[in-house]
Amino acid sequence: MNRAVSLGLAAALAAAALLGITALADWIGGEPDHTAGPPQAAQASSPRGLIYLAVGIPREETVDTEMRLRNESMLAQFSKAFRDLHPGVRVQLLTFPETDMVMQIRRRQQAGLGPDLLLVDASTALELARQGLTEPFKPSRELSEPIQPDLLARVRLRDGRLAGLPMLQQPELACFDSRRLPQGSPTDLDGLLRLSAGGVRVGLSIDPRRLFWTVGGLGADGALDRAGRGEPLSAEQRDRLIGWLGWLQNASFQQRVSFFANQEDLLTELKQGRLDWISCRSSSLGRLRAHLGQNLGVAPLPGGPKGPATPINLERVLALGLNSSGNQRRIALQLARYSLNPLSQRKLTLNNLDVLPANRFVPPPVASSAAIASMASSAEAAERSSALLLDLMANPATLPTLTGVLPKVIFGDLAPRQAADQVIHGLRQGRR
């Protein structure tokens, strides 16, 4: 393959190769055949055909030699087990950077070469559906009932159809070197700054989507909500918005707190021992474990004096392509349905230790791993703040406004009070 699938996605896809003989056949081919009969009859009823699966490489991932080698090994296992056990069906993988997915799929659709199934993040699935490049799922009890409602809400189109079928969750976390933080990650934002004052090197992002987790702890969520709705703020709400922006600016003034524009830089600095604590995504845990081993610490993100953290849960979803034949569509739908099977969801979680189930009837196996326990805690916090996040993202001015204001605050070019006025004005304008 010319381009490797990102580690988190490859692990999710290739995990089928680790499920065992029977489960792998089910994973690829669809529902197991429980009817009695000779092996020849079972083989004759097995689906046959070729489908193309396009996998998006997340925006924050960088393909390097280490990632490529690990992914190629996983995909080799996946392909060999598939060929041995389900010779009548082929799944050919296509990989594209998530940022190029819309352009690439449009080009392939025009040539009649569009994929049968896509594995992408929720925002990409929505954009593909809005541009008519995928076939939305029709809501049904069979598909919708097992999925957590907040996950469905993020992929629901205005007509009620689903841009994609949520398959896995990737929570937002604190990742740290446990040798430098033997007592674990701080549980509050002030504690994080106290640690930095004591010598712990902290890394944060300037991307608003990666700073949203700090909003709840400083009580600015209500202010952003009202501003995003175009409603007036109370004096207390305005003060809390100023307080959040002020905390970010104060953090940037600390000697051992560094802000980065690229998430990949945060990961590299932690892996190479130049940072001790960062905010991270669960999809990066495999890469961090490869470098830090048992020294990798994972915890929920810290809250603050005004409330718990407000992390953002990312979800990987399966979307349907447009160029499928009837047989290809049947295979794609079987695979999509089986991806929500409780056994499959549980094993994907246990085999990877960097994703959570999308099926709400599959409790995360928190007793099996401290990392899974932390991911489950983060996912619960994200679910509580999901309504606010959805409302803010519905405002087209939210991301441009915060992207324009936050770096100026963080680097001291704009006072928190002035920044609060600009945020309020920008969000209100977006509602007009």
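Now for a quick tour of the structure.

Conventions used here
Residues numbered from 1 in each chain as written. Predicted model: local features only at pLDDT ≥ 70, side-chain atom pairs only at ≥ 80, totals over all residues. Heavy atoms only, no water. Helix = DSSP H or I, 4+ residues; strand = E, 2+ residues; numbered from the N terminus. Buried < 20%, exposed > 50% of the residue type's maximum accessible area, 1.4 Å probe, protein only. Contact = heavy atoms within 4.5 Å. Disulfide = S-S within 2.5 Å. Salt bridge = Lys/Arg side-chain N within 4 Å of Asp/Glu carboxyl O. Core = buried A, V, L, I, M, F, W, Y, C linked by side-chain atoms within 4.5 Å. Pairing = 2+ DSSP bridges. Axes fitted to C-alpha atoms, helices over the stretch in contact; angles between N-to-C directions. Parallel < 35°, antiparallel > 145°, perpendicular 65-115°, else oblique. Left-handed = near helix turned anticlockwise from the far one by under 90°.

### Details of the overall build of the protein
A tally of regular secondary structure across the protein gives 20 helices and 11 strands. With 432 residues in all, the protein has 56% of them scored as buried. Within the protein, residue pairs in contact and separated by at least 24 positions form 77% of the contacts whose partners lie at least 6 positions apart.

### Concerning the state of the cysteines
Disulfides are covalent bonds that connect the sulfur atoms of two cysteines. Applying the stated criterion across every chain yields a total of 1 disulfide. A sulfur-sulfur separation of 2.0 Å characterises the disulfide bridge that pairs C175 with C280. As the torsion about the S-S bond is roughly 60 degrees, the C175-C280 disulfide counts as right-handed. Within this pair, whereas C175 is found in strand β5 (residues 172-177), its partner C280 is found in strand β8 (residues 277-281), the two being separated by 105 residues in sequence.

### A few points about the pattern of salt bridges
Summed over all chains, the structure comprises 19 salt bridges. Of the charged contacts in the structure, one is a salt bridge between D177 and R179, with a shortest N-O distance of 2.9 Å. By relative accessible area, D177 is classed as buried at 6%. In this structure, D276 engages R180 in a salt bridge whose closest nitrogen and oxygen atoms are separated by 3.2 Å. You can see D276 sitting in the loop between α13 (263-271) and β8 and its partner R180 sitting in the loop between β5 and α9 (189-197), a full 96 residues away along the chain. For D276, a relative accessible area of 1% translates into the label buried. Taking relative accessible area as the criterion, R180 reaches 39% and is therefore assigned partly exposed. Within this structure, E135, D159 and R161 form a network of salt bridges that share partners.

### Some details on helix α14 (residues 285-292)
Three or more residues of α14 are buried, namely L285, G286, R287, L288 and L292. Just downstream of α14 lies G293, where phi reads positive at about 60 degrees.

### Concerning the environment of I331
If you trace the backbone, I331 turns up in helix α15 (residues 326-338). Between the C-alpha atom of I331 and that of L117, which follows or precedes it by 214 residues, the distance is 9.7 Å. Residues contacting I331, with those up to four places away along its chain left out, are P47, R48, G49, I51 and V89.

### So, the nonpolar core
Core analysis: the largest hydrophobic core is formed by 48 residues, its most contacted members being L241, W244 and W277. In terms of residues, this core owes the most to one element, helix α12 (residues 235-253), which gives 7 residues. Not counting residues up to four positions away in its chain, the partners in contact with L241 are A220, A223, L224, A420, V423 and I424. In this structure, L93, L152, A319 and L348 belong to the second largest nonpolar core, which totals 46 residues.

### Concerning the pairing of strand β6 (residues 202-205)
Consecutive residues of a regular strand have side chains that alternate between opposite faces of the sheet. By the alternation rule, side chains of β6 split into V202 and L204 and G203 and S205, which are all buried. Where β6 lies against strand β7 (residues 257-260), 4 bridges are found, and the strand directions are parallel. Counted as the bridge partner of L204 is F259 from β7. Across 2 bridges, the pairing between β6 and β8 is parallel. Residue pairing in the sheet places V202 in a bridge with W277 of β8.

### Remarks on the sheet that holds β7
Taken together, the 5 strands give an open sheet; going across it, the order is β7-β6-β8-β5-β9, and neighbouring strands pair in mixed fashion. Edge positions in the open sheet fall to β7 and β9 (296-299), since each of these has one partner strand only. If you compare each strand with its neighbour and ignore which way they point, the axes differ by 35 degrees on average. Contacts between α14 and the sheet are confined to β5, β8 and β9, with β9 contributing the most and set at about 145 degrees to the helix. The strands that helix α17 (residues 370-384) touches are β5 and β9; relative to β5, the one it contacts most, it runs at about 145 degrees.

### Looking at the packing of α12 against helix α20 (residues 416-431)
At a minimum axis separation of 8 Å, α12 and α20 run at an interaxial angle of 120 degrees. With respect to α20, the element α12 is oriented oblique. In the packing of α12 onto α20, the handedness of the crossing is right-handed. Residue-level contacts link R238, L241, I242, L245, G246 and Q249 of α12 to P416, R417, A419, A420, D421, V423 and I424 of α20.

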